[in-house]
Amino acid sequence: CGVAHDLLWYGHHSYPSRIRYTHCSHPGERRIRVVTTALPTTSNLSEVFASADQVAIATLLANKAVERCITHKLEDSRDALFNKMVEILQAYKASMTAAGAGASAQLAISENLKMLPVLVLGLLKNVSTKSCIFDQYLTCLIFAMAGWH
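This structure is a prediction, so every number in the text was calculated from the model and none was measured.

Reading the values: the criteria
Residues numbered from 1 in each chain as written. Predicted model: local features only at pLDDT ≥ 70, side-chain atom pairs only at ≥ 80, totals over all residues. Heavy atoms only, no water. Helix = DSSP H or I, 4+ residues; strand = E, 2+ residues; numbered from the N terminus. Buried < 20%, exposed > 50% of the residue type's maximum accessible area, 1.4 Å probe, protein only. Areas by Shrake-Rupley, 256 points an atom, 1.4 Å probe, with all protein chains shown as cover. Patch = residues over 30% accessible without salt bridge, like charges linked within 9 Å, V, L, I, M, F, W, Y side chains within 5 Å. Salt bridge = Lys/Arg side-chain N within 4 Å of Asp/Glu carboxyl O. Axes fitted to C-alpha atoms, helices over the stretch in contact; angles between N-to-C directions. Parallel < 35°, antiparallel > 145°, perpendicular 65-115°, else oblique. Left-handed = near helix turned anticlockwise from the far one by under 90°. Contact = heavy atoms within 4.5 Å. Expected span 1.5 Å × (residues − 1). Phe/Tyr/Trp six-rings, centres within 6.5 Å; stacked < 30°, edge-to-face > 60°. Core = buried A, V, L, I, M, F, W, Y, C linked by side-chain atoms within 4.5 Å. pLDDT = per-residue confidence, 0-100.

Observations regarding the overall build of the chain
Turning to step 1, where the next piece is worked out: What the chain contains, in helices and strands, is 6 helices and 2 strands.
Turning to step 2, where the next piece is worked out: N-terminal to C-terminal, the α/β element order of the chain is α-β-β-α-α-α-α-α.
Turning to step 3, where the next piece is worked out: Looking at the chain as a whole, 19% of its 149 residues qualify as buried.
Turning to step 4, where the next piece is worked out: For the chain, the exposed area adds up to about 10900 Å²; of that, 61% sits on carbon and sulfur atoms.

Thoughts on the environment of A38
Turning to step 1, where the next piece is worked out: Note on placement: A38 falls in strand β2 (residues 30–40).
Turning to step 2, where the next piece is worked out: Considered as a pair, A38 and S14 are 24 residues apart in the sequence and their alpha carbons are 4.1 Å apart.

Examining a nonpolar patch on the surface
Turning to step 1, where the next piece is worked out: A cluster of nonpolar side chains, contributed by V55, M115, V118 and L119, occupies part of the molecular surface with about 340 Å² of accessible area.
Turning to step 2, where the next piece is worked out: For V118, the location among the structural elements is in helix α5 (residues 116–125).
Turning to step 3, where the next piece is worked out: Owing to a relative accessible area of 48%, V118 belongs among the partly exposed residues under this scheme.

A short note on the packing of helix α3 (residues 54–71) against α5
Turning to step 1, where the next piece is worked out: With their axes 9 Å apart at the nearest point, α3 and α5 run at an angle of 30° to one another. Between α3 and α5, the angle falls in the class roughly parallel. For α3 against α5, the interelement crossing comes out right-handed. Side by side, α3 and α5 meet where Q54, V55, I57, A58, L61 and A62 of the first sit next to L116, L119, V120 and L123 of the second.

Details of helix α4 (residues 74–96)
Turning to step 1, where the next piece is worked out: Compared with an ideal rise of 1.5 Å per residue, which puts 23 residues at 33 Å, α4 spans 33 Å between its outermost C-alpha atoms and is within 8% of the ideal.
Turning to step 2, where the next piece is worked out: The complete set of buried residues in α4 reads L74, S77, L81, M85, I88, L89 and Y92.

Focus on the packing of aromatic side chains
Turning to step 1, where the next piece is worked out: Throughout the structure, instances matching the rule amount to 1 aromatic pair.
Turning to step 2, where the next piece is worked out: Each ring, one from F49 and one from Y92, has its centre 4.9 Å from the other, and the planes form 90°; the classification is edge-to-face. Of this pair, F49 sits in helix α2 (residues 45–50) while Y92 sits in helix α4, placing them 43 residues apart in sequence.
Turning to step 3, where the next piece is worked out: Y92 sits in the buried class, given a relative accessible area of 12%.

Points about the nonpolar core
Turning to step 1, where the next piece is worked out: The biggest cluster of nonpolar side chains holds 15 residues, and the ones touching the most others in it are L81, M85, I109, L113, L116 and V120.
Turning to step 2, where the next piece is worked out: If you list the elements that add at least two residues to this core, you get α3, α4 and α5.
Turning to step 3, where the next piece is worked out: Per-element accounting of this core gives the leading share, 5 residues, to α4.
Turning to step 4, where the next piece is worked out: Leave out the neighbours within four places in its chain, and L81 touches L61, V120, L123 and L124.

Quick look at the confidence of the model for the chain
Turning to step 1, where the next piece is worked out: Of all residues in the chain, 71% attain a pLDDT of 70 or more, and the chain-wide mean is 76.
Turning to step 2, where the next piece is worked out: Note that residues 4–8 has pLDDT below 50 and, in this model, 5 contacts with residues that lie over four places away or in other chains.

Written as structure tokens, this is what we have:
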């Protein structure tokens, strides 16, 4: 408790997680492994946008698109992917520009997120996300995500 409190004081919050497993070398013996992850916290939204990783965000969106395809139509998954990109851009505009005021001629976004719209467009334009048979789509996307070409 003291370590978690100290980390929170310095801008981090810790999240413990427990894993219960059976040990291989001692059959029947149950063990618990506790892993504590300390993540940075902030009350400043500009720090969140400044530390965002565009490749990690695109990978997460691709994984969510695959999950959505299991229970919904492919078009719904593509729409959700596009809408999430729009939400990210709207959130950035509303919080980081001059009070989200008015329409601007140029889209302003932080340097580390400049390629995120291109990555999402690549996901939308990829052959595996266009209207094809569901099984082929999942196979193509799983191979692409795993790095098998």
